[in-house]
Amino acid sequence: MLVTLLIYLCIPELRNLHGKCLISYIFAMIFCYSIMLYSKLDDKLYYCYYHLYFWTMAGFFWLNVLCFDIFWKFSNDVVKKDERKRLLKYSLYAWGCPMLLLGLIILIDNTSFVPKDFRPNITADHCYFGGLTAAAIYLYSLMMVLVLVNIFFFVMTAIRILRVQRATDVALQRGSQRHSSVEDRYRIHLYLRLFVVMGVSWIFEVAS
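These numbers were taken from a predicted model, which means no experiment stands behind them. (Residues numbered from 1 in each chain as written. Predicted model: local features only at pLDDT ≥ 70, side-chain atom pairs only at ≥ 80, totals over all residues. Heavy atoms only, no water.)

Q: Before we go on, may I ask you to explain the overall build of the chain in this structure?
A: Helix and strand content of the chain: six helices and zero strands. Going through the 208 residues of the chain one by one, you find that 37% of them count as buried. Across the chain, the fraction of contacts at a sequence separation of at least 24, relative to all contacts at a separation of at least 6, is 69%. (Helix = DSSP H or I, 4+ residues; strand = E, 2+ residues; numbered from the N terminus. Buried < 20%, exposed > 50% of the residue type's maximum accessible area, 1.4 Å probe, protein only. Contact = heavy atoms within 4.5 Å.)

Written out as structure tokens, the structure reads:
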């Protein structure tokens, strides 16, 4: 992960919109894993869990942005070139949502409006969340929603590619067998890249 980050930072050609989103995702996950390791040094460092929650959710939201960006590109015939505005919108979403969620759990943890069993209960006496109920409400449920949305983006993107390819095959005359073989290899590689970016990534994130 760190090597990938360095490659994208060192090669200007890779720092397009998708590359910058990927850099943000890797950056968030590096902080997430670093804080996770640091918090293991002392159980009393419970304040680290607030930071861990933010960076974990930021990683998932940036992964959601990556999936949406690929879906958006394949769902629009005309690609807008104003990448700065799109990056700004992506950043507001991927950084803003985790910040709002973090503020929400801090507020709930320090008020009496929510029953104690349904509070995050992030204290020195607990590890991350106070129980499975709190973790399910404030962490796993949100992860599951983002995972399902990513699956939707992946399926719709694959369907879109398949439809475009079929329409192209009907409109164009049949080429040589060699040309067909090249097209098939390109299609396989494209599906593989989509699966890695939009499929395998979130599977590992949920498993972790």
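Now that the structure has been shown, we can carry on.
Q: So what exactly am I meant to see when it comes to the UniProt feature "transmembrane region" (unreviewed entry) in the chain here?
A: Here, UniProt's "transmembrane region" (unreviewed entry) annotation points to residues 21-38, 50-72, 92-108, 128-156 and 188-204. Helix makes up 100% of residues 21-38 and strand 0%, whereas the separation of the span's terminal C-alpha atoms amounts to 26 Å. Counted over residues 92-108, helix gives 100% and strand 0%. Its end C-alpha atoms are 23 Å apart. (UniProt positions renumbered as here; feature names shortened; annotations may be inferred.)

Q: Help me out: how do you make sense of the environment of C97 in this one?
A: Turning to its location among the elements, C97 is positioned in helix α4 (residues 83-109). Residues C97 and M57, 40 residues apart in the sequence, show an inter-C-alpha distance of 8.3 Å.

Q: When you look at α4 in this model, what are you seeing that I'm missing?
A: Every α-helical turn comprises 3.6 residues, leaving residues that sit three or four positions apart pointing alike. Its 27 residues give α4 an end-to-end C-alpha distance of 39 Å, which sits within 8% of 39 Å, the value for a rise of 1.5 Å per residue. By the largest-angle criterion, G96 marks the main kink of α4, which is about 25°, and a proline, P98, follows within four residues. Along α4, the residues classified as buried are R86, L87, Y90, A94, P98, L101, L102, I105, I108 and D109. (Expected span 1.5 Å × (residues − 1). Bend = angle between axes of the 7 residues up to and from the residue.)

Q: Sorry, what's going on with the nonpolar core here?
A: Most often, soluble globular proteins have nonpolar side chains that are buried together. The biggest cluster of nonpolar side chains holds 43 residues, and the ones touching the most others in it are C21, Y25, Y53 and F129. Listing elements by their share of this core, those giving two or more residues are α2 (17-39), α3 (47-75), α4 and α5 (132-171). Residue contacts for C21: discarding those within four places in its chain leaves W62, V65, L66, L87 and Y90. (Core = buried A, V, L, I, M, F, W, Y, C linked by side-chain atoms within 4.5 Å.)

Q: Sorry, what's going on with the confidence of the model for the chain here?
A: Do not read the fine detail of predicted coordinates wherever pLDDT is low. Here the chain averages 75 in pLDDT, and 68% of its residues register 70 or above. Looking across the chain, the model is least confident in helix α6 (residues 177-207), with a mean pLDDT of 51, and most confident in α4, with 92. (pLDDT = per-residue confidence, 0-100.)

Q: In this structure, what is going on with the packing of aromatic side chains? I would like to understand it.
A: For any pair of aromatic rings, the description rests on two quantities: the centre-to-centre distance and the angle between the ring planes. Under the definition given, this model contains 14 aromatic pairs. Between F152 and F153, the ring centres sit 5.9 Å apart and the planes meet at 55°, which makes this aromatic pair tilted. For F152, a relative accessible area of 45% corresponds to the partly exposed category. Given a relative accessible area of 10%, F153 falls into the buried group. Taken together, the ring pairs connect F27, F31, F54, W55, W62 and W95 into an aromatic cluster. (Phe/Tyr/Trp six-rings, centres within 6.5 Å; stacked < 30°, edge-to-face > 60°.)

Q: Before we go on, may I ask you to explain the side chain of S24 in this structure?
A: Following the sequence through the fold, S24 ends up in helix α2. Look at S24 and you get buried, because its relative accessible area is 15%. S24 has contacts with W62 and W95, leaving out every residue within four places of it along the chain.

Q: How should I be thinking about the environment of I35 in this particular structure?
A: Mapped onto the elements of the fold, I35 is located in helix α2. Residues I35 and C48 lie 13 residues apart in sequence; the distance between their C-alpha atoms is 6.7 Å. Excluding residues that lie within four positions of it along the chain, I35 makes contacts with C48, H51, L52 and W55.

Q: I would appreciate a short explanation of the environment of N150 in the present structure.
A: Looking at the element boundaries, N150 is found in helix α5. Through-space distance from the C-alpha of N150 to that of V65 is 9.0 Å; in sequence the pair is 85 residues apart.

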